[in-house]
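# Coordinate analysis (summary)
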Amino acid sequence: MSVFELFLTALALSMDAFAVAVCKGLALKNVKLKNCLWIGLWFGVFQALMPLVGFFCAKLFETYVHAFAHWIAFGLLCLLGINMIREAMEEEEKSNNDVCCKEMLILALATSIDALAAGVSFEMIPEFNIALAVIFIGIITFTLSAIGTKLGSIVGTKYNKKAEAAGGIVLILLGFKIVLEHYNILF
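Residues numbered from 1 in each chain as written. Predicted model: local features only at pLDDT ≥ 70, side-chain atom pairs only at ≥ 80, totals over all residues. Heavy atoms only, no water.

## So, the overall build of the protein
For the protein, the helix and strand inventory stands at seven helices and zero strands. Its helices and strands in sequence order give the protein the pattern α-α-α-α-α-α-α, from N to C terminus. Split into buried and exposed, the 187 residues of the protein put 49% on the buried side. Working note: accessible area of the protein is about 9900 Å², and carbon and sulfur atoms make up 72% of it. (Helix = DSSP H or I, 4+ residues; strand = E, 2+ residues; numbered from the N terminus. Buried < 20%, exposed > 50% of the residue type's maximum accessible area, 1.4 Å probe, protein only. Areas by Shrake-Rupley, 256 points an atom, 1.4 Å probe, with all protein chains shown as cover.)

Take a look at the structure:
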């Protein structure tokens, strides 16, 4: 996976956290820098750690899944992408003004489940650099979530559903790319 593809993957995985951060920004009465950093930190750390967990869990079962790795990666990425698109089409969820640890833990876990599944698919990519992936995903998610919190307080929900849908489309396209590369259809 090239650095550009890794960047796109990190961007796609961060879209749900970005959308939730925008909603949190909408719910907060007076967004300050510390709110943006706090929310960005929660989402960034969880989005970075979950692929690492998925990657090492997949390593435990490597001999069982290696023969079907490209199809497993394809399936996981497509399911994640379809789920992100489906969530983008659902009715808007109500947000609240809570940024306590309990609330942020729940939100960070909920938005990082797709990153866990992506980590499983990362293990199936030959010579994949998980350390670089963790760094990219963490930094991009932190940055976008912090910005999303502020944007939510300024702009509103005009673009959050489109961003989540775009992230889903990118994941699906990456799934197809993995299968096509496996069968040497792509150059």
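## Looking at the packing of aromatic side chains
Inspection of every chain in the model, using the stated rule, returns five aromatic pairs. A centroid spacing of 5.3 Å and a plane angle of 90° characterise the contact between Phe-55 and Phe-56, whose relative ring orientation is edge-to-face. A relative accessible area of 43% places Phe-56 in the partly exposed class. For the ring pair Phe-74 and Phe-176, a centre distance of 4.9 Å and an interplane angle of 75° mean the geometry is edge-to-face. Here Phe-74 is found in helix H4 (residues 69–89), whereas its partner Phe-176 is found in helix H7 (residues 160–182), with 102 residues between them in sequence. A network of ring pairs unites the aromatic residues Trp-38, Trp-42 and Phe-46 as a single cluster. (Phe/Tyr/Trp six-rings, centres within 6.5 Å; stacked < 30°, edge-to-face > 60°.)

## Things to note about unusual backbone geometry
Across residues other than glycine, the phi torsion is negative in most instances, and most of the peptide bonds are trans. Of note in this structure, Glu-127 is not a glycine but carries a positive phi near 55°. With respect to the secondary-structure elements, Glu-127 resides in the loop between helix H5 (101–123) and helix H6 (130–154).

## Regarding the environment of Gly-148
Examined against the element boundaries, Gly-148 turns out to sit in helix H6. Overall, Gly-148 belongs to the buried group, its relative accessible area being 0%. In this structure, the C-alpha to C-alpha distance between Gly-148 and Cys-36, residues 112 residues apart in sequence, is 8.0 Å. Those residues within four positions of Gly-148 in sequence are excluded, and the remaining contacts are Phe-18, Ala-21 and Val-22. (Contact = heavy atoms within 4.5 Å.)

## Here's the deal with the nonpolar core
Within the largest apolar cluster, 28 residues are counted, with the highest numbers of intra-cluster contacts made by Leu-13, Phe-122, Phe-128, Ile-130, Ala-133 and Leu-171. Those elements that provide at least two residues to this core are helix H1 (3–27), helix H2 (33–60), H4, H5, H6 and H7. Excluding residues that lie within four positions of it along the chain, Phe-128 makes contacts with Met-1, Leu-6, Phe-55, Phe-122 and Ala-133. Membership of the second largest hydrophobic core comes to 13 residues, among which are Val-31, Ile-39, Leu-107 and Ala-146. (Core = buried A, V, L, I, M, F, W, Y, C linked by side-chain atoms within 4.5 Å.)

## A look at the packing of H1 against H2
Relative orientation of the contacting elements H1 and H2 amounts to 160°, with a least axis distance of 11 Å. Taken together, H1 and H2 sit at an angle that is classed as roughly antiparallel. Crossing of H1 over H2 shows right-handed handedness. On H2, the residues touching Leu-13, Ser-14, Asp-16, Ala-17, Val-20, Ala-21 and Lys-24 of H1 are Ile-39, Phe-43 and Gln-47. Here the contact of H1 with H2 is composed, by residue class, of six nonpolar, two polar and two charged. (Axes fitted to C-alpha atoms, helices over the stretch in contact; angles between N-to-C directions. Parallel < 35°, antiparallel > 145°, perpendicular 65-115°, else oblique. Left-handed = near helix turned anticlockwise from the far one by under 90°. Nonpolar A, V, L, I, M, F, W, Y, C, P; charged D, E, K, R; others polar.)

## Notes on H5
The terminal C-alpha atoms of H5 lie 31 Å apart, and with 23 residues this matches the ideal 33 Å at 1.5 Å per residue to within 8%. The principal kink in H5, of about 40°, is found at Ser-112. (Expected span 1.5 Å × (residues − 1). Bend = angle between axes of the 7 residues up to and from the residue.)

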